[in-house]
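Chains, contacts and geometry: an overview
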Amino acid sequence: MHKQKSNNTLDSKLEAVSMSIKQSIKNMDSFTHVRGESVYVDDINIKQGTFHGVVFDSPKAHGKIKYIDYSKAEALEGVERIFTYKDIPGANQIGGIIPDELLFAEDEVHFWGMPIALIVAKSEFIARKARALIEIDIEELPVITTAKEAKAKGSFINAPRSFSLGNSEKAFAACAYVFEGETFSNGQEHLYIETQGAYAEPQENGNIKITSSTQGPTAVQKTIAQVLGVAMHKIEVDVTRLGGGFGGKEDQATPWAVMAALASYHLNQSVKLILNRHDDLRMTGKRHPYESSYKIGLSKDLKILAYEAEFLQNSGAAADLSPAIAERTLFHATNSYYVPNVKTTVLSCKTNLPPNTAFRGFGGPQGMFVIESAIARAASEIGVSSRQIQEVNLLDENDTFSYGQIAKKVESKNTWDSAKSIFNLESLERNVKEFNKANSTFKKGLALMPITFGISFTNTPMNHARALVHVYLDGSIGISTAAVEMGQGVNTKMMQIASDVFSVPIEKIKIETTNTTRVANTSPSAASSTADLNGKATLMACNTLLERLVKVASEDLNVSVEDIKLKAEFVYINEKKSELSWTDLVSKTMLKRVALTENAHYATPEIHFDKTKEKGHPFAYHVYGTAIITTTVDCTRGTYEFDSVKIVHDYGKSMSEGIDLGQVEGALAQGLGWMTMEEIAYNNEGRLLSNALSTYKIPDIFSVPKYVEVIPLETDGDAMAILKSKAVGEPPLMYGIGAYFALQNAIKAFNPEHQLKFHAPMTPEKVLMSLYEK
Ligand code: MTE
Ligand code: HPA
Ligand code: MOS
């Protein structure tokens, strides 16, 4: 990566040194990943006598269960037992935000793929065979698959939410231009490489240990306790790492862990339950499809004076995280723009799809797509480029968001202007124009996409974490936090923090598994906040330990604590190396009976939100950035490539540049996929048609942009971010939204009469039709 500005020579030399350290930090998992040694749930050495579970799920999207016959399945050699709701000792209830979701269906089914029973057998193969022998008769009820139908029938998850600022109604009257329209953005399959799964092992006295591929160990623990009707301390949840989560394991890792625990509870045997890809695709929820309508009003000089939007969220058959996701749609409905008069409403519509769930961006991308669509529409009607509208409406310092937070340390214009100058937008645009003049069967399109994303769980009470740090008497260190490693590199960041504080090499530091007995009552690893929350807790614990160690050193060396520093595994007095090594200091501390263990709790300060007023200061800070996306469309075939994506991104002061760059690239690819090729399809009966990798296409190495450049914006960072290194997990996904509009611009170059539609994803089929539509 290159820095945007170069400083004077000395500064840049120092920077080069610290940068080389930051860049040399590799994701600590990369070695075991590459060698195939990383352990996932399916790799655990299972105990002798372990049983295997397969879930029997509803073959209809909505109906009354008239009769089920398990007898043939039960009679199959090797089948141990089949569990249904009747075997639940506690509550048949797994709803997180709203208690509206059963673990197993009772007499009705609400979506195709809804779990009805768990078949437990000597092998997964036998359990699968048994599943085919179950006979079921369902009396079908009307199926709702779209949010609009749900709205028409009054089928909702909860009450609507609305944010407002100023007076949009009045403002529209004063606008030179007013446009209204509709948009659709489809769902998205998480497609984590490791499918959902858990392994339950009975312990003494009815205790159960569960290894789960979950982003939320506490949610798993709490739900198992609730379903089994036992206290939480009887349940231990352990997570080594996930082969990807992307939000799909924030809530929806829970049912499988609960089922494995339930079977283990009854059988007093270990039980392994791993969904195969087909089962996972069919039974789990995805990103929420949204059907939305907008009204945008602009002045003669293209200022957006008023914006209204209604978002219909297709929530699926139960709440899951939908209400929180709906809320984040409202938080990000105006993206990076200041709009003085706003009214946005979101309705969580109950349908007969699997409950949709968290997915990178958490409703934010769905909100942003609508205002970007409204801008594109306005630009096309007025006869200007979207860029002209975007540019004059970018957020400024001290602007108010519709939810009442005052924008501070705003970098919208900074990233926008930097992107324009660093990447020479003028020449990029000229190239596109010249190319389009010279070519009739290939056309290029370019779009800019600014992003602004709020960092914190929008639900303020969730913003806390803990860390438990041991310094062992040989000077090595063990760290437990609530952070779940899912590929985003959070464990490496935790290591860096301890390495920094104690000045020991990362080889001396171990990040322990995430375990509810070591760090309890945690929020899931989500909202891009994992490194901030757990990192700050780790920093606090390490600093307390450091203070103790320095005190011992000062007594031992008879110098004042202010003169002491730890550097490269030695104690330094006034910057001069002493004889006292890190290891000796640690054993001296031990001999003095001073604690070498510390537990710290961090809760984000300053944030608050009042839902009765829909106003507050929910975010610790915002992340900003601007992307320029260029595409080439083959106008004979409708296929396309992304020539380049050029980004200026606000990392703050990145503490792990390689990892953060990986996050930007990965999120961008996921955003591009959502906007262009990933097409979820259900039929009218609520059956998932895109139920395999042959019918659901995600970006591969051939379809990611040929050239991606990410320039870090030079900023002071934010004190609320861990070591001023801003959260990076989700924000860059939304750069991908620009791809949709780049494609539209290429289509317009070929077919100027094309009426813009805002219906994502823009698959090659849709591109082809748009090219020839009159
Ligand atoms: N990166 C990888 N490799 N795998 C993942 O599952 N999840 C994303 C993002 N980046 C994910 C990822 C999502 S949805 C979130 S919220 C954040 O990482 C969570 O981690 P963080 O809080 O440490 O950024
Ligand atoms: N982001 C991600 N996950 C969440 C949030 C959020 O804001 N709130 C609750 N779960
Ligand atoms: Mo991420 S969608 O907050 O797990």
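Predicted model, so just to flag it, every value in this text is computed and none were measured. (Residues numbered from 1 in each chain as written. Chains lettered and ligands numbered in written order. Predicted model: local features only at pLDDT ≥ 70, side-chain atom pairs only at ≥ 80, totals over all residues. Heavy atoms only, no water.)

**Regarding the sheet that holds strand β29 (residues 708-712)**
Here is the rule we go by: DSSP calls a pair of strands paired once it identifies at least 2 bridges connecting them. Numbering of helices and strands runs from the N terminus, with a helix taken as a DSSP run of H or I at least four residues long and a strand as a DSSP run of E at least two residues long. Axes here mean lines fitted to C-alpha atoms, for a helix over just the part in contact, with angles spanning 0 to 180 degrees between N-to-C directions. The contact criterion used is simple: two residues touch if any of their non-hydrogen atoms lie within 4.5 Å.
Strand order across the open sheet formed by four strands is β16-β27-β28-β29, with mixed pairing between neighbours. Only two strands of the sheet have a single partner each, and these edge strands are β16 (442-455) and β29. In this sheet, adjacent strand axes meet at a mean angle of 15 degrees when their direction is disregarded. The sheet contacts of helix α19 (residues 737-750) involve β16, β27 (621-634) and β28 (640-649), and relative to β16 the element is tilted by about 155 degrees.

**A short note on the site of ligand 1**
To keep it simple, the criterion reads: Being near a molecule or strand, for a residue, comes down to having at least one heavy atom within 4 Å of it. Whenever two N or O atoms come within 3.5 Å, that pair is a polar contact, provided that in protein one can donate a hydrogen and the other can accept it, and provided that, for residues adjacent in sequence, both atoms are side-chain atoms. As a working rule, the residues Ala, Val, Leu, Ile, Met, Phe, Trp, Tyr, Cys and Pro are called nonpolar, Asp, Glu, Lys and Arg charged, and the rest polar, with Gly in that last group.
Around ligand 1 sit 17 residues, and of these Gly-245, Phe-246, Met-486, Thr-530 and Gln-663 come closest. Gly-487 is positioned such that a nitrogen or oxygen atom in its backbone is 3.3 Å from a nitrogen atom of ligand 1. Within the backbone of Ser-529, an N or O atom sits 3.2 Å from an oxygen atom of ligand 1. Residues belonging to the shell around ligand 1 are distributed by class as follows: five nonpolar, 10 polar and two charged.

**Some points on the site of ligand 2**
By nearness alone, every residue bordering ligand 2 is listed as Glu-250, Arg-328, Phe-362, Phe-457, Thr-458, Met-462, Ala-526 and Ala-527. Interatomic distance of 2.7 Å between a side-chain N/O atom of Glu-250 and a nitrogen atom of ligand 2. Take Thr-458: an N or O atom from its main chain is 3.1 Å from an oxygen atom of ligand 2. Residues of the shell around ligand 2, tallied by class, amount to five nonpolar, one polar and two charged.

**Quick notes on helix α20 (residues 764-772)**
Rules: Relative accessible area decides the class of each residue, using a 1.4 Å probe on protein chains only: under 20% of the type maximum gives buried, over 50% gives exposed, and in between gives partly exposed. As used here, the arc is the angular range of directions from the helix axis to the C-beta atoms.
Of all the residues in α20, the buried ones are Lys-766, Val-767, Ser-770 and Leu-771. The buried residues of α20 occupy an angular sector of 140 degrees when projected down its axis, which confines them to one face. Facing away from the buried side of α20, by more than 90 degrees, are the exposed residues Glu-765 and Met-769.

**Brief notes about helix α16 (residues 530-557)**
Three or four residues apart is the spacing at which side chains of an α-helix point the same way, because the helix has 3.6 residues per turn. For clarity, the threshold we go by: Multiplying 1.5 Å by the residue count of a helix minus one yields the expected span of that helix.
When the terminal C-alpha atoms of α16 are compared, their 39 Å separation across 28 residues agrees well with the 40 Å that a helix rising 1.5 Å per residue should span. One or two residues past the end of α16 sits Asn-558, with phi positive at roughly 60 degrees.

**As for the pairing of strand β22 (residues 570-573)**
Note that strand β21 (residues 564-567) and β22 share four bridges and pair antiparallel. Bridging across to β22, Leu-566 finds its partner in Val-571. With antiparallel pairing between neighbouring strands as the criterion, β21 and β22 make up a hairpin whose turn holds two residues, including Ala-568 at a positive phi of roughly 45 degrees. Relative to strand β23 (residues 576-581), β22 is paired through three bridges, and the arrangement is antiparallel. Paired with Ile-573 across the two strands is Lys-576, which belongs to β23. Hairpin remark: β22 followed by β23, antiparallel, with two residues in the connecting loop; positive phi at Asn-574, about 45 degrees.

**Observations concerning the pattern of salt bridges**
Where charged atoms from two side chains of opposite charge approach closely, those side chains can pair. Selection criterion: By convention in these notes, a salt bridge is any Lys or Arg side-chain nitrogen within 4 Å of a carboxyl oxygen on Asp or Glu.
Counting across every chain of the model gives 43 salt bridges. Lys-66 serves as the salt-bridge partner of Glu-139, at 3.2 Å between the closest nitrogen and oxygen. Highlighted residues: Glu-139 in strand β6 (residues 135-140) and Lys-66 in strand β2 (residues 63-69), separated in sequence by 73 residues. A residue is classified by how much of its surface remains accessible, and Lys-66, at 48% relative accessible area, is partly exposed. Within the structure, one salt-bridge network assembled from shared partners comprises Asp-57, Glu-124, Arg-128, Arg-131, Asp-279 and Arg-282.

**Here's the deal with the packing of aromatic side chains**
Within a pair of aromatic rings, the relevant descriptors are the distance that separates the centres and the angle that separates the planes. Put simply, the rule is: For this analysis, a ring pair means two rings from Phe, Tyr or Trp (six-membered ring only for Trp) whose centres lie within 6.5 Å, classed as stacked if their planes differ by under 30 degrees, edge-to-face if by over 60, and tilted for the remaining angles.
In total, this model carries 18 aromatic pairs according to the counting rule given. With a centroid separation of 5.7 Å and 85 degrees between ring planes, the pair formed by Tyr-403 and Phe-619 is classed as edge-to-face. Note that Tyr-403 is positioned in the loop between α12 (386-392) and α13 (412-422) and Phe-619 in the loop between β26 (615-617) and β27, a separation of 216 residues in sequence. Overall, the relative accessible area of 1% leaves Tyr-403 in the buried class.

**Examining the nonpolar core**
Put simply, the rule is: Buried residues of nine kinds, namely Ala, Val, Leu, Ile, Met, Phe, Trp, Tyr and Cys, make up a nonpolar core once their side-chain atoms join them within 4.5 Å.
In terms of nonpolar packing, the biggest core is built from 102 residues, with Ile-296, Tyr-307 and Ile-737 touching the most fellow members. Per element, the largest residue contribution to this core is nine residues, and it comes from helix α11 (residues 364-382). Val-501, Ile-511, Leu-566 and Trp-582 belong to the second largest nonpolar core, which has 35 residues in total.

**Some thoughts on the sheet that holds β23**
Hydrogen bonding along the main chain pairs the strands of a sheet, whether they run parallel or antiparallel. Ordered by their spatial adjacency, three strands build an open sheet running β21-β22-β23, and the pairing between neighbours is antiparallel. The strands lining the two open edges of the sheet, one partner per strand, are β21 and β23. Ignoring strand direction, the axes of neighbouring strands in this sheet form an average angle of 40 degrees.

**Considerations on the packing of helix α15 (residues 490-502) against α16**
Formally: Put simply, angles under 35 degrees are roughly parallel, angles over 145 are roughly antiparallel, angles from 65 to 115 are roughly perpendicular, and the rest are oblique. Working rule for handedness: look at the near helix, and if it is turned counterclockwise from the far one by less than a right angle, call the crossing left-handed; if clockwise, right-handed.
The geometry of α15 relative to α16 is characterised by a closest axis approach of 9 Å and an angle of 25 degrees between their N-to-C directions. Comparing the axis directions of α15 and α16 gives the class roughly parallel. Read as a crossing pair, α15 and α16 show a hand that is right-handed. In this structure, α15 uses Val-490, Lys-493, Met-494, Ile-497, Ala-498, Val-501 and Phe-502 to contact α16, whose residues at the interface are Thr-530, Ala-531, Asn-534, Gly-535, Thr-538, Leu-539, Cys-542, Asn-543, Leu-545, Leu-546 and Leu-549. Residue composition of the contact of α15 with α16, by class: 12 nonpolar, five polar and one charged.

**Considerations on unusual backbone geometry**
Of the consecutive residues Ala-760 and Pro-761, the connecting peptide bond is found in the cis state with omega at 5 degrees. Turning to its location among the elements, Pro-761 is positioned in the loop between β30 (759-760) and α20. Unusually for a residue other than glycine, Asn-335 sits at a positive phi of about 40 degrees.

**Observations regarding the confidence of the model for the protein chain**
Keep this limit in mind: On a range of 0 to 100, pLDDT expresses the predictor's confidence in each residue.
Of the residues in the protein chain, 97% reach a pLDDT of 70 or more, and the chain-wide mean stands at 96. A low-confidence stretch, residues 1-21 stays under pLDDT 50, and its non-local contacts, those more than four residues away or across chains, total 25 contacts.

**Digging into the layout of surface pockets**
Going by this rule: Both cavities and pockets are sets of points on a 1 Å grid over the protein atoms alone; in a cavity a 1.4 Å probe fits but cannot get out, in a pocket the set is open with protein on both sides within 12 Å along at least five of seven lines, and lining residues sit with an atom within 4 Å of a point. Grid points are joined across faces, edges and corners, and a volume is the space filled by probe spheres set on the points.
Approximately 630 Å³ is the volume found for the second largest pocket. Surrounding the second largest pocket, 26 residues form its lining, Ser-385, Glu-429, Val-432, Leu-446 and Asn-745 being those nearest its centre. If you list the elements that add at least two residues to the lining of the second largest pocket, you get α11, α12, α14 (425-438), β16 and α19. Partitioning the lining of the second largest pocket into residue classes produces 10 nonpolar, eight polar and eight charged.

**Here we look at the side chain of Ser-456**
With respect to the element layout, Ser-456 can be found in the loop between β16 and β17 (464-471). Ser-456 gets classed as buried once you look at its relative accessible area, which sits at 3%. A polar contact of 3.1 Å, which involves the side chain of Ser-456, links it to the backbone nitrogen of Ala-620. Not counting chain neighbours up to four residues away, the residues in contact with Ser-456 comprise Arg-328, Asn-463, Ala-527, Ser-529, Ile-607, Pro-618, Phe-619 and Ala-620.

**Description of the packing of α11 against α19**
Interhelical geometry of α11 versus α19 gives an angle of 25 degrees and a closest axis separation of 10 Å. As the angle between them shows, α11 and α19 are arranged roughly parallel. α19 is crossed by α11, and the crossing has right-handed handedness. In this structure, α11 contributes Pro-365, Met-368, Phe-369, Glu-372, Ser-373, Ala-376 and Ser-380 to the contact, and α19 contributes Ile-737, Tyr-740, Phe-741, Gln-744 and Lys-748.

**What about the environment of Ser-525?**
Its location among the elements puts Ser-525 in the loop between β20 (514-515) and α16. For Ser-525 and Gly-489, which are 36 residues apart along the polypeptide, the C-alpha to C-alpha distance reads 12 Å. Discounting residues that sit within four places of it in the chain, Ser-525 has contacts with Gln-215, Ala-482, Ala-483, Val-484, Met-486 and Thr-530. Side-chain polar atoms of Ser-525 contact the backbone oxygen of Ala-482, separated by 3.5 Å. There is a polar contact of 2.7 Å between the side chain of Ser-525 and the backbone nitrogen of Val-484.

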